[in-house]
Every structure is written in structure tokens, then in C-alpha cells.
Amino acid sequence: EAFSPYVISEELTPTLYKLANNGFVFNNFYQPNWTLSTTGGEFSVMTGLIPNWIKSSNSFKVSANNDMPIGLGWMFRELGYNSVAYHNNSYTYYGRDKTHPNLGYDFYGVGNGLEMPDGSLWPQSDLDMMKVTVDGYIQDYVENGTNFHAYYMTVSGHCNYNWGGNDMSKKYRDVAEAAYPNYSETVQAYIACNLELEAAMTYLVEQLEAAGIADETVIVLAADHYPYAMAEGDTDYYNELTGLNDSEKDTSRYRNTLIMWCGEMEEPVIVDTPCSSIDI
């Protein structure tokens, strides 16, 4: 949710830094503004298709009524994999209860089998989502040899970016303020809530390593969209975060980081070819 390259720091986010710099390194990766918020970006990442408005609906919601045989869930399932998908928000939001099973996933969200420890939080914890899901498919692989393809749509990086409107920002407020004392509250809060994503990815990598299967697992991480909520008011706080002076009319606004990493990689593979979410 609303991931951007500017949350990656060797000091504050060592796991994201490792994944971004020691796997495939995409120097010209973009997540465009599809004008469909999260569901548009998610559709582009999951299907390789350009999302669009279709009358009063959108591509992802309409796709639930069509066969989607090239969805990764189906493709891996046909190879004998356990294909599961998780989202730490309401399972019906954006119609995921229909779209994700239609891509071949056993889908679990809040209200549909994903039991989060504290349902009062907004946004919910990415780390908690990992803690209540990862062990199941890892153990099934270790004990029974069942390969897994697990898809996650995170939510901890969701706006609003302030200390009162984001429980994940509040959780890491002291860390962000100490590391970036000269930034505005908006920028500090955005960085802070992404520290929960860092915690989630750290937990995931640790569990894979503990099970001895990090070398057999590929991790891919991509944004649904850049954090456009930082630029919706009178001040473009995204420019403060990036140090640039661009706008949503500029290609640079949509430059992002695509993570593609496996534990057995001995050195990074640099990719300079321009690419975007539909290429994943």
C-alpha cells in the first residue's frame, strides 16, 4: 500500500534495503497513475493488464465475471502449489472476495478467515498479518512438500499520514521524529507507517531462513501506487520526501522500486530497461 523508494534506508529499513539491493535491481521501474487507486495498481501487478474504468466500474471488479486462467493463482495451482492470498482489511473491499478467488487464490481478509489480534487499529498491522499466516504454508511445505505461492496486499502504509489518523505511524513516531527531525509531520508519519512494512518483511525473511527455505523462495514486492495522498492538499509533501520538484504530470513522480529477490542470489542483477507494473 502506497510504497515508494524513499522509505528504503540502510539504517531504518535494513531488510527492505537488502531485498532491494541484493536481488534484481530495476533502475527504471514505474507504477503509473491508473486513476483507479489501489484496485487499479493491484490489477496491473496481478494480471499484467492495463486497468481502466468500464462504465461505472473498473477492470478488476469486472474481471470477476470473466475467466482469468493466466492469473498466477491458477498457474501455480495447476503445478500443485498452495495458492493463497491475504489482505489485512475488510475482505469485501474493492470486491476482493470475488476478484481474488477468480484469479485462483484461496483468499482471506478481515471477516473472512484472517483473524487480526487487534481489530480496532487503522490501518491494520502488516506484521500481525504475517505472524498469523506465514507459519501455515511454510510448515506445510517443510512437512508435506507442498509448494506455496502466497500473495499479500498490505495496508499499513495507507493514509492519513499524521499521528492521529494512522495507528502504524503512531507506533513508530519516536523513531521517525528522531531520524528525520527536520521533516514535516506528514513526511515523518509516512515514513513511520512504512516501518511496519519493514517489520513484516523482516519477520517473513526470518521465518523462511529459520525453516531453511529462503534459498528456495522468491520474494516480489511492488507498489499499488505512489503515496498520492501526500500531494492532495495545498502542499505537495511528496516533493519534500523525494527532494524533487515535480508534479503528477511528470514521469519521475511514478518512479518506484520493484523488489525481486531470492536467498540463493550471490550478487545483484542490474536491469536498466524501462519497465512498469504490467511487466512483472
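The present account deals with the structure reproduced in this document. The residue numbering used here restarts from 1 in each chain and proceeds along that chain's sequence as written. Thresholds applied to this predicted model are a pLDDT of at least 70 for local features of residues and 80 or more for the giving and counting of side-chain atom pairs; totals over whole chains, interfaces and linings are not thresholded and use all residues. Only hydrogens and water are set aside when side-chain values are computed; all heavy atoms of the structure are taken into account.

1. Some words on the environment of Asn27
Rules: Numbering goes from the N terminus for both helices and strands, where a helix is a DSSP run of H or I of at least four residues and a strand is a run of E of at least two. Using a 1.4 Å probe on the protein chains alone, a residue whose accessible area is under 20% of its type maximum counts as buried, one over 50% counts as exposed, and one in between counts as partly exposed. Note on contacts: a residue pair is in contact if any heavy atoms of the two residues lie within 4.5 Å. Polar contacts, as used here, are pairs of N or O atoms within 3.5 Å; protein pairs need one atom able to donate a hydrogen and one able to accept it. Residues neighboring in sequence count only if both atoms are side-chain atoms.
As for its position among the elements, Asn27 is in the loop between β1 (24–26) and β2 (29–30). Looking at Asn27, the relative accessible area reads 31%, which means it is partly exposed. Residues Asn27 and Leu258, spaced 231 residues apart in sequence, show a C-alpha to C-alpha distance of 8.9 Å. Setting aside residues no more than four positions away along its own chain, Asn27 makes contact with Arg255, Ile270, Val271 and Asp272. Within the structure, Asn27 has its side chain in polar contact with the side chain of Asp272 (distance 2.8 Å).

2. Remarks on the sheet that holds strand β5 (residues 82–90)
To keep it simple, the criterion reads: Here the rule is simple: two strands pair whenever DSSP picks up at least two bridges between them. To get an axis, fit a line to the C-alpha atoms, keeping to the stretch in contact for a helix; angles then go from 0 to 180 degrees between the N-to-C directions.
Reading across from one edge, β6-β5-β7 is the order of the three strands in this open sheet, with parallel pairing throughout. Both edges of this open sheet fall to β6 (106–110) and β7 (148–153), since each of them pairs with a single strand only. On average, adjacent strands in this sheet sit at an angle of 15° to one another, irrespective of strand direction. The pairing of β5 with β7 spans six bridges and is parallel. Looking across to β7, one finds that Tyr86 is bridged to Tyr152. In the packing of helix α7 (residues 134–144) onto the sheet, the strands contacted are β5 and β7, and the crossing angle to β7 comes to about 170°.

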